[in-house]
Amino acid sequence: MVQLLHAPPAAPQRRHPNLILHCGATAVELDQVATVKTPRATSTWQPIPHHQLIDTVQRTLLTTNLTIGTKRTA
């Protein structure tokens, strides 16, 4: 009997973040994001603060055992 052994596939290499800012944007720290005023809601639109969105995404990732690999600071 011949048994063929196969090596497990190599784990993909983690890529470095490549998000970019749009023209004229400025990188800021997370505490500065919290100071941005949220626009007033309308009858058809309910904005949420940017820092709340970031926090929700981070907490959701943790509940699914995903993590943010790297963060860029301003």
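To be clear, the structure that these remarks concern was listed above.
Residues numbered from 1 in each chain as written. Predicted model: local features only at pLDDT ≥ 70, side-chain atom pairs only at ≥ 80, totals over all residues. Heavy atoms only, no water.

Looking only at helices and strands, the chain features two helices and zero strands. Only carbon and sulfur atoms are counted for the fraction: they give 59% of the accessible area of the chain, which is about 7,700 Å². (Helix = DSSP H or I, 4+ residues; strand = E, 2+ residues; numbered from the N terminus. Areas by Shrake-Rupley, 256 points an atom, 1.4 Å probe, with all protein chains shown as cover.)

Time to look at a nonpolar patch on the surface. Together, Ile-48, Leu-53 and Val-57 make up an exposed nonpolar region whose accessible area comes to about 250 Å². Mapped onto the fold, Ile-48 is located in the loop between helix H1 (30–33) and helix H2 (50–63). A relative accessible area of 43% places Ile-48 in the partly exposed class. (Patch = residues over 30% accessible without salt bridge, like charges linked within 9 Å, V, L, I, M, F, W, Y side chains within 5 Å. Salt bridge = Lys/Arg side-chain N within 4 Å of Asp/Glu carboxyl O. Buried < 20%, exposed > 50% of the residue type's maximum accessible area, 1.4 Å probe, protein only.)

Attention now goes to H2. Under the 1.5 Å per step criterion, the end-to-end length of H2 is 20 Å for 14 residues, consistent within 8% with the ideal 20 Å. Two residues or fewer past H2, Asn-65 is found with a positive phi of approximately 60°. (Expected span 1.5 Å × (residues − 1).)

Relative to the helices and strands, Gln-52 is located in helix H2. C-alpha separation for the pair Gln-52 and Ala-34, spaced 18 residues apart in sequence, amounts to 8.2 Å.

Another aspect to go through is unusual backbone geometry. Unlike most non-glycine residues, Asn-65 shows phi in positive territory, near 60°. Assignment of secondary structure puts Asn-65 in the segment after H2. You can call Asn-65 exposed: its relative accessible area is 73%.

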